[in-house]
Every structure is written in C-alpha cells, then in structure tokens.
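Architecture and fold: a report
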Amino acid sequence: MTFTVKNVDWEKDKHRLKALREHVFVLEWRVPEASEFDEHDSSACHVLIVDANNDPIATGRLTTKGELGRIAVKRSYRTLHVYRVLFKALLKAAKQNNLPIINGSV
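Reference entry: report on the structure contained in this document. For every chain, the first residue of its written sequence is number 1, and the numbers climb from 1 along that sequence. In view of the model being predicted, local features appear only for residues whose pLDDT reaches at least 70, and side-chain atom pairs are presented and counted only at 80 or more, with totals across whole chains, interfaces and linings using the full set of residues. Hydrogens and water molecules were not included; the side-chain quantities draw on all heavy atoms of the structure.

1. Quick notes on the pairing of strand 3 (residues 56–62)
- Throughout, exposure labels follow a simple rule: accessible area from a 1.4 Å probe, protein chains only, divided by the maximum for the residue type, with under 20% read as buried, over 50% as exposed, and the rest as partly exposed. Numbering of helices and strands runs from the N terminus, with a helix taken as a DSSP run of H or I at least four residues long and a strand as a DSSP run of E at least two residues long. For strand 3, the tally of buried residues reaches seven of seven residues, placing the bulk of the element in the interior.
- As paired strands, strand 2 (residues 45–51) and strand 3 are joined by six bridges and run antiparallel to one another. Among the inter-strand pairings, Val-50 is bridged to a residue of strand 3, identified as Pro-56.
- Two strands make a pair as long as DSSP finds a minimum of two bridges between them. Count of turn residues in the strand 3/strand 4 (residues 67–73) antiparallel hairpin: four residues, of which Gly-66 carries a positive phi of about 85°.

2. Looking at helix 1 (residues 10–28)
- For a helix, the expected span equals 1.5 Å multiplied by the residue count minus one. Taking 1.5 Å per residue as the helical rise, helix 1 with its 19 residues ought to reach 27 Å, whereas the 22 Å between its terminal C-alpha atoms falls clearly short.
- Axes are fitted to the seven residues ending at a residue and to the seven starting at it; the angle between these axes is taken as the bend at that residue. At Arg-16, helix 1 shows its largest kink, close to 35°.
- Of all the residues in helix 1, the buried ones are Trp-10, Asp-13, Arg-16, Leu-17, Leu-20, Arg-21, Val-24, Phe-25 and Val-26.
- Where the residues of helix 1 are buried, they touch strand 1 (3–8), helix 2 (33–36), strand 2, strand 3 and strand 4.
- A 3.5 Å cut-off defines polar contacts: any pair of N or O atoms within that distance qualifies, except that in protein one atom must be a possible hydrogen donor and the other a possible acceptor, and neighbouring residues in sequence count only when both atoms are side-chain atoms. Its side-chain oxygen 3.2 Å from the backbone nitrogen of Glu-11, Asp-9 forms the N-cap of helix 1.
- Among the residues trailing helix 1, Arg-30 stands out with phi positive, at a value near 60°. Throughout, a residue-residue contact means that at least one pair of heavy atoms, one from each residue, lies within 4.5 Å.

Shown next as structure tokens:
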C-alpha cells in the first residue's frame, strides 16, 4: 500500500477534505452535515493522506487550541498503519506550531 502524507490548507483543499469527511461522517456514520463542519476548519492544520492515484483516503485536523479531531479514514484503509501515519503527522504539526497539550475531540 503506497500513500503520501500532505499538510494542506483548508482554503486550497477544502473540496477534497469536505468530500472525504462527508463520505465517512455524513454518508457512512450518518452525522448531520451541519455539525460536521465548523468555524475551526479555516484556522486548523489539516493533514491529508492520498493513495497512489492521489485520491484522498484519510484526514485529520489540529485546531489552534491543540485539539485533534475530524479523523476520517475510508473504510478499506482503516488499518493500524494508516492511523499511526496520520497521528504521527498531526503530532508533528502540533510540535511545529508549539502546541504542548493535545486534546482529543470529535
């Protein structure tokens, strides 16, 4: 399994991030769309993992308050390896942004 980890900007890549989160949260988990996206998206650090075809397979965000959340992974990629890579990238972003405390959120 080959994939690439990217730190992405919400404004430039929101169409890809939204599509993945809608697929996982709204369609699969039936989370109301109105509660999936919020004011923190525009200022958060976003990580996007893409497969060999550059298709999004996983994402997560880190808010300016140090909250990890909106972890969305396509069903066929829900492996320990993918989750480890995603969380490692999010923790690296926290360190780069001098966020000493990490809190989990939905």
